[in-house]
Amino acid sequence: LVPHLRGLGTTIFAEMSARAEETDAVNLGQGFPDVDGPDDIKRLVADAIWHGPNQYAPGIGFRELREAVAAHQKRFYGLEVDPDSEVLITAGATEAVTAALLAFVDAGDDVIALEPYYDSYAAAIAMARGRRVPVTLHAPDFRLDIAALQAAVTPRTKVILLNSPHNPTGTVLTEEELRAVAEVAVAHDLLVITDEVYEHLVYEGRHIPIATFPGMWERTVTISSAGKTFAFTGWKIGWVTGPEPLVSAVRTVKQFLTYTNAAPMQRGIAAGLGMPDAYFQQLAADLARKRDFLCTGLAELGFTVYPPAGTYFVTVDVRPLGYLDGLAFCRDLPYRVGVAAIPHVVFYDHADIGRPLVRFAFCKREDVLAEALRRLARLR
Ligand code: PMP
Ligand code: GLN
């Protein structure tokens, strides 16, 4: 492996899922639902596999799906997006983030990312040979410190890489925070790449795309995907929206990463994006119940719990239970009690800050969450 990619190793999700499998643990580590998304969408995809399309989709994605993405941005956020020039279908949000960073970040450019940051961001910034500049969201409320953001800007800053709702903290950036980010971006002429995969998993406040703020559409690459919204994380269908020059730059990179994405799935997700508002409301309502159930249970066990406003993750501090190191705690947990979780520390440059924090996923059936809590009670 080339020197600048050494140290990326194996993702924490693969490591913890392997430990979970080995021990038959309840896996609250890697974030994926244990119940698949809507049957109607599955039927459409099954039908598409049977009757086609099964050959290469167009590089930018089927028009049907690009139109559905545009209609979704209009319905939920009032954004006018041209499905032919301002939408690109990708292999999940992961490819979209990587392609966008490769398209815009040159060797030595700075990329500001909210810390803790999703692990693929660090890898993609490294692949682009950029420099990661973290702005830390601190417990207990994990709010964005605007002064810290302003102080992080250097003459080399090219991109602010945003993620709201935020994995792993669950922070949903407020209108005021987003406005402040927008002002920084405009003042310093920066691009914003924003990962909004949890846009429909919001329990308090509301999700506002930063692309809707004054001066932002022309400098923002907005990314989302079907994994969380439709509970099909294994299908890997994502999308980029933004102004034509930015989307076309991302497309240039994307066409040589994957060229095109799974054709039959695109038909299903196109239909999914057109589901009535009630579907999206129900999704959030169901997850809010699970969030409350797991947060209450974890607090009763003695963890310091930071209930999230969005995403399907909850962060806890393990120190009240006598542990100092979240990574050691998570490596041990499957063997000790049969539960898997994710340590925050791998998402930090400031390891000291992340060390005592651990993330549990609650996108699971309530009996599964209850079983996890029963097992965790053995820690006491
Ligand atoms: N961004 C964030 C913040 C995530 O949590 C995830 C995990 N699913 C992804 C991107 C990857 O999304 P996808 O599976 O669509 O590539
Ligand atoms: N996004 C999910 C998580 O944060 C899954 C990540 C992955 O497997 N790469 O847990």
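Residues numbered from 1 in each chain as written. Chains lettered and ligands numbered in written order. Predicted model: local features only at pLDDT ≥ 70, side-chain atom pairs only at ≥ 80, totals over all residues.

### Topic: the overall build of the protein
Then, in step 1: Check the secondary structure of the protein and you find 14 helices and 13 strands.
Then, in step 2: Whereas a compact globule of 380 residues would reach a radius of gyration of roughly 21 Å, the protein reaches 20 Å, a difference of no more than 12%.
Then, in step 3: In terms of overall dimensions, the protein has a C-alpha envelope of 55 × 55 × 45 Å along the principal axes.
Then, in step 4: Expressed as a percentage of its 380 residues, the buried residues of the protein come to 49%.
Then, in step 5: Considering only residue pairs separated by 6 or more positions, the protein has 73% of its internal contacts joining residues 24 or more positions apart. (Helix = DSSP H or I, 4+ residues; strand = E, 2+ residues; numbered from the N terminus. Rg over C-alpha atoms; globule rule 2.2 N^0.38 Å. Buried ≥ 20, exposed ≤ 12 C-beta atoms within 10 Å, placed from the backbone. Contact = placed C-beta atoms within 7 Å.)

### Some details on helix H10 (residues 263-273)
Then, in step 1: For H10, a buried count of 8 out of 11 residues is recorded, marking the element as mostly surrounded by other parts of the structure.
Then, in step 2: Within the span of H10, buried status applies to Met 265, Gln 266, Arg 267, Gly 268, Ile 269, Ala 270, Gly 272 and Leu 273.
Then, in step 3: Check the buried side of H10 and you find it contacts helix H2 (39-51), helix H3 (63-77), strand S2 (87-90) and helix H8 (226-229).

### Side note on unusual backbone geometry
Then, in step 1: For the bond running from Glu 115 to Pro 116, omega is 0°, close enough to zero to count as cis.
Then, in step 2: Assignment of secondary structure puts Pro 116 in the loop between strand S3 (110-115) and helix H5 (119-127).
Then, in step 3: In this model, Ala 139 is joined to Pro 140 through a cis peptide bond whose omega is 5°.
Then, in step 4: For Pro 140, the location among the structural elements is in the loop between strand S4 (131-136) and helix H6 (146-152).
Then, in step 5: For Asp 24, which is not a glycine, the phi torsion comes out positive at approximately 55°.
Then, in step 6: When you line up the elements, Asp 24 lands in the loop between helix H1 (12-23) and strand S1 (26-27).
Then, in step 7: Phi is positive for Thr 311, which is not a glycine, with a value near 70°.

### What about the domain arrangement of the protein?
Then, in step 1: Here the protein is described as being made up of domain 1 (3-30 + 278-379) and domain 2 (39-273).
Then, in step 2: Taking the mean C-alpha position of each, domain 1 and domain 2 sit 24 Å from one another.
Then, in step 3: Mapped onto the side of domain 1 that touches domain 2, the elements with two or more residues apiece are helix H11 (277-300), strand S10 (313-317) and helix H13 (351-354).
Then, in step 4: Examining the composition of the side of domain 1 that touches domain 2, we find that 6 residues originate from one element, H11, more than from any other.
Then, in step 5: Split into classes, the residues belonging to the side of domain 1 that touches domain 2 amount to 19 nonpolar, 8 polar and 4 charged. (Domains from an automatic or database assignment. Nonpolar A, V, L, I, M, F, W, Y, C, P; charged D, E, K, R; others polar.)

### Looking at the sheet that holds strand S8 (residues 238-241)
Then, in step 1: In spatial order, the strands read S2-S8-S7-S6-S5-S3-S4; together these 7 strands make up an open sheet with mixed pairing. In this open sheet, the two strands that pair with only one neighbour each are S2 and S4. Each adjacent strand pair in this sheet contributes to an overall mean axis angle of 20°, direction not counted.
Then, in step 2: Sheet topology note: the S2/S8 ladder contains 4 bridges and is antiparallel. Looking at S8, one finds that Leu 88 is bridged to Val 240.
Then, in step 3: In the packing of helix H9 (residues 244-257) onto the sheet, the strands contacted are S2, strand S7 (220-225) and S8, and the crossing angle to S2 comes to about 25°. (Pairing = 2+ DSSP bridges. Axes fitted to C-alpha atoms, helices over the stretch in contact; angles between N-to-C directions.)

### Brief notes about the site of ligand 2
Then, in step 1: Within the structure, ligand 2 sits among Thr 11, Phe 13, Gln 30, Gly 31 and Asn 167.
Then, in step 2: Its residues assigned to classes, the shell around ligand 2 shows 1 nonpolar, 4 polar and no charged. (Near = placed C-beta within 6 Å.)

### Things to note about the sheet that holds strand S9 (residues 304-306)
Then, in step 1: Taken in spatial order, the 4 strands of this open sheet run S9-S10-S13-S12, and their pairing is antiparallel. Strands at the two margins of the open sheet, each flanked by one partner only, are S9 and strand S12 (342-343).
Then, in step 2: Relative to strand S13 (residues 357-361), S10 runs antiparallel, the two being bridged by 5 bridges. Note that in S13 the partner of Val 316 across the bridge is Val 358.

### What to know about the UniProt feature "domain: Aminotransferase class I/classII large" (unreviewed entry) in the protein
Then, in step 1: Listed under "domain: Aminotransferase class I/classII large" (unreviewed entry) in the UniProt record, and renumbered for this structure, are residues 24-375.
Then, in step 2: With 42% helix and 16% strand, the stretch residues 24-375 has end C-alpha atoms that lie 12 Å from each other. (UniProt positions renumbered as here; feature names shortened; annotations may be inferred.)

### Focus: the nonpolar core
Then, in step 1: Formed by 114 residues in total, the largest nonpolar core has its most connected members in Ala 100, Leu 101, Ile 193 and Phe 360.
Then, in step 2: Top contributing element to this core by residue count: helix H4 (residues 92-104), with 9 residues.
Then, in step 3: Per-domain counts for this core show at least three residues from each of domain 1 (3-30 + 278-379) and domain 2 (39-273). (Core = buried A, V, L, I, M, F, W, Y, C linked by C-beta atoms within 7 Å.)

### Describing the site of ligand 1
Then, in step 1: Taken together, the neighbourhood of ligand 1 is formed by 13 residues, with Gly 92, Ala 93, Thr 94, Asn 167 and Ser 225 sitting nearest.
Then, in step 2: With 3 residues, H4 is the single largest residue contributor to the shell around ligand 1.
Then, in step 3: Of the residues belonging to the shell around ligand 1, the class tally is 3 nonpolar, 8 polar and 2 charged.

### Quick notes on the environment of Arg 179
Then, in step 1: Relative to the elements of secondary structure, Arg 179 occurs in helix H7 (residues 175-187).
Then, in step 2: Residue Arg 179 is classed as partly exposed on the basis of its 16 C-beta neighbours within 10 Å.
Then, in step 3: Counting along the chain gives 31 residues from Arg 179 to Ile 210, while the straight-line C-alpha distance between them is 7.8 Å.

### Some details on the packing of H2 against H10
Then, in step 1: Packing of H2 against H10 leaves a shortest axis separation of 8 Å and a crossing angle of 150°. In terms of their interaxial angle, H2 and H10 are classed as roughly antiparallel. Relative to H10, H2 is oriented so that their crossing is right-handed. Side by side, H2 and H10 meet where Ile 41, Leu 44, Val 45, Ala 48 and Ile 49 of the first sit next to Pro 264, Met 265, Arg 267, Gly 268, Ala 271 and Gly 272 of the second. (Parallel < 35°, antiparallel > 145°, perpendicular 65-115°, else oblique. Left-handed = near helix turned anticlockwise from the far one by under 90°.)

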